[in-house]
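Geometric and topological summary
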Amino acid sequence: MAKRALITGITGQDGSFLTELLLDKGYEVYGVIRRSSSFNTDRIDHLYQDPHEPDTRLRLVYGDLNDSSSLNTILRQIKPDEIYNLGAQSHVRVSFDVPEYTGEVTGLGCVRLLEALREVGIQPKFYQASSSELYGKVLEVPQTENTPFYPRSPYGCAKAYAYYITVNYRESYDLFACNGILFNHESERRGETFVSRKITRAATRIKLGLQNKLYLGNLDAQRDWGYAKDYVEAMWMMMQAEEPDDYVIATGEAHSVREFLDESFSLVDLDWKEYVEEDPRYYRPAEVDLLLGDASKAKRVLGWERKVSFKNLVRIMIDHDLKLAQQELAMQEVATSALASKARWGAS
Ligand code: NAP
Ligand code: G4F
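Everything in this summary refers to the structure shown in the same document. As the structure is a computational prediction, the values presented were derived from the model and not from experiment.

Look at the link from V141 to P142: it is a cis peptide, with omega at -5°. Inspection of the secondary structure assignment puts P142 in the loop between β5 (125-131) and α6 (154-173). At D174, a residue that is not glycine, the phi angle is positive and equals roughly 55°. Tracing the backbone through its elements, the reader meets D174 in the loop between α6 and β6 (177-182). Unlike most non-glycine residues, D269 shows phi in positive territory, near 55°.

Further remarks concern the site of ligand 1. As a matter of local geometry, ligand 1 sits amid 26 residues, with T11, R34, D64, S90 and Y155 nearest to it. Contacts to ligand 1 include N40, whose side-chain N or O atom sits 3.1 Å from an oxygen atom. Within the side chain of S90, a nitrogen or oxygen atom sits 2.7 Å from an oxygen atom of ligand 1. Within the residue set of the shell around ligand 1, elements represented by two or more residues are α1 (13-24), α5 (99-120), β5 and α6. Among the elements that take part in the shell around ligand 1, β5 stands out by supplying three residues, more than any other. Residues of the shell around ligand 1, tallied by class, amount to 10 nonpolar, 11 polar and five charged.

In this section: the site of ligand 2. Surveying the vicinity of ligand 2 reveals 24 residues, the closest of which are S131, S132, Y155, R284 and E287. Here a nitrogen atom of ligand 2 and a backbone polar atom of T193 are 2.9 Å apart. Within the side chain of R223, an N or O atom sits 2.8 Å from an oxygen atom of ligand 2. The fraction of the free accessible surface of ligand 2 (710 Å²) that becomes covered by protein chains is 96%. Of all elements in the fold, only α7 (195-207) and β8 (214-216) reach the threshold of two or more residues within the shell around ligand 2. Of the residues in the shell around ligand 2, the class split is 10 nonpolar, eight polar and six charged.

Per the counting criterion, the structure on display carries one cavity of 30 Å³ or more. What the largest cavity holds in volume is close to 30 Å³. Taken together, the residues that form the lining of the largest cavity break down as three nonpolar, one polar and five charged.

Once that is clear, we can look at α6. Compared with the 28 Å implied by 1.5 Å per residue over 20 residues, the 28 Å span of α6 between its first and last C-alpha is a close match. Where α6 ends, the next residue or the one after it, D174, has phi of about 55°, a positive value.

It is worth spelling out the packing of aromatic side chains at this point. The full count for this structure, using the stated rule, is 13 aromatic pairs. Ring centres 5.7 Å apart and planes at 80° place the aromatic pair F260 and F310 in the edge-to-face group. Within this pair, whereas F260 is found in helix α9 (residues 257-267), its partner F310 is found in helix α11 (residues 310-347), the two being separated by 50 residues in sequence. Chaining the aromatic ring pairs together yields one cluster made of Y135, F149, Y163, Y164 and F183. Here the guanidinium or amino end of K125 rests over the ring plane of F176, the centre of that ring lying 4.6 Å away. Here R190 stacks its cationic end above the ring of F194, 3.9 Å away from the centre of that ring.

The rules we used
- Residues numbered from 1 in each chain as written.
- Chains lettered and ligands numbered in written order.
- Predicted model: local features only at pLDDT ≥ 70, side-chain atom pairs only at ≥ 80, totals over all residues.
- Heavy atoms only, no water.
- Helix = DSSP H or I, 4+ residues; strand = E, 2+ residues; numbered from the N terminus.
- Near = heavy atom within 4 Å.
- Polar contact = N/O pair within 3.5 Å; in protein donor to acceptor, adjacent residues only side chain to side chain.
- Nonpolar A, V, L, I, M, F, W, Y, C, P; charged D, E, K, R; others polar.
- Areas by Shrake-Rupley, 256 points an atom, 1.4 Å probe, with all protein chains shown as cover.
- 1 Å grid on protein atoms, 1.4 Å probe; cavity = no way out; pocket = protein on both sides within 12 Å on 5 of 7 lines; lining within 4 Å.
- Points joined across faces, edges and corners; volume = space filled by probe spheres on them.
- Expected span 1.5 Å × (residues − 1).
- Phe/Tyr/Trp six-rings, centres within 6.5 Å; stacked < 30°, edge-to-face > 60°.
- Lys NZ or Arg CZ within 6 Å of the ring centre and 35° of its normal.

Structure follows, in structure tokens:
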């Protein structure tokens with residue numbers, strides 16, 4: 001019988017790649033989606049809306065990490081073999097604006113799900129999307145599974161709660177529960193307000209004359225950036241290991257926002273210094289200056305290694321966003337010529 005996976009955060013970047021991976025491996029995938037006033041399933045539409053070959057192994061259910069009763073109902077009905085808790089208010093800057101809400105979803109959401117498991121009386125494997133933001137003002141470089149945490153944002157603090165409650169349920173209830181401490185990972189599906197995608201969208205739009213300027217915050221921050229597809233593979237590998245454990249997933253290379261700009265703009269033959277302005281609106285009350293991970297445990301125990309380099313990651317994102325900008329330009333041209341012909345007919 002096919003294994004059943006339940007994913008919270010299925011509409012996000014990682015949720016969409018993980019769904020593809022699990023369907024490829026023969027799983028039935030259930031995704032928790034939130035009711036929203038506009039469509040929020042763009043990243044997975046290609047998987048369940050193909051009229052020629054709709055994948056009936058993917059099913060979406062309404063629920064919310066802030067709503068215990070929905071989580072109880074979902075677990076009772078689905079009884080999954082594996083749960084991937086990827087749902088979160090995941091934007092660090094925004095977490096300073098909505099700290100309480102971030103605590104609810106990103107922190108308490110995890111224990112709501114864990115408690116729902118106990119109430120329903122099932123023992124699925126459990127993956128918690130932990131984050132390198134736990135290290136915050138880093139106490140050691142590079143960061144490993146043993147580096148103490150020092151979160152620097154409401155998001156980081158909420159993730160710290162979720163990390164420890166996952167460890168606690170593993171130890172208290174003999175649950176197969178893992179924390180993947182993932183460093184930044186990006187892709188062509190990354191949300192457009194995260195710095196990597198903000199840069200690749202802007203570089204390609206500026207190239208085609210669709211945008212003039214790019215406003216950014218701290219250009220000196222350094223991150224260990226990998227490709228999201230490689231990282232969802234690590235999630236799955238953790239869940240297939242003999243013992244539940246916590247793992248750092250990272251590339252072992254740090255690059256600054258400035259370097260991300262260099263790499264992106266050079267791929268479209270532009271000099272970013274002519275277009276980028278620093279805007280204090282994007283500064284954070286407390287910044288995380290440097291994140292650099294050591295994933296040797298994941299390599300040793302799971303055999304996990306990243307496949308996509310920093311340069312290739314930026315290239316994948318630029319190639320994708322260039323096509324997007326070309327489509328945007330073509331649509332603008334169609335709209336302009338329709339307006340022009342309307343004006344001509346109107347004048348005659
Ligand atoms: P993302 O693109 O922001 O996706 C977040 C997902 O969470 C979306 O599907 C969102 O649904 C869902 N969500 C938000 N609030 C929810 C709620 N109240 N109940 C249920 N679902 C809710 O994030 P991502 O980059 O894929 O990251 C996945 C997870 O890994 C997150 O927990 C993130 O914090 C963590 N993480 C990410 C990185 C990274 O570099 N990407 C690194 C370490 C850890 P809507 O589409 O409806 O908003
Ligand atoms: O792209 P970012 O917003 O990612 P950040 O804060 O590192 O968080 C991401 O990675 C975490 C893993 O470490 C995840 F847990 C989290 O969910 C999220 O996916 O910002 C990266 C850096 C920061 O130092 C920020 O100050 O870029 C700097 N930055 C400079 N200008 C900017 C901007 N960040 C954003 N979002 N927008 C800017 O205009």
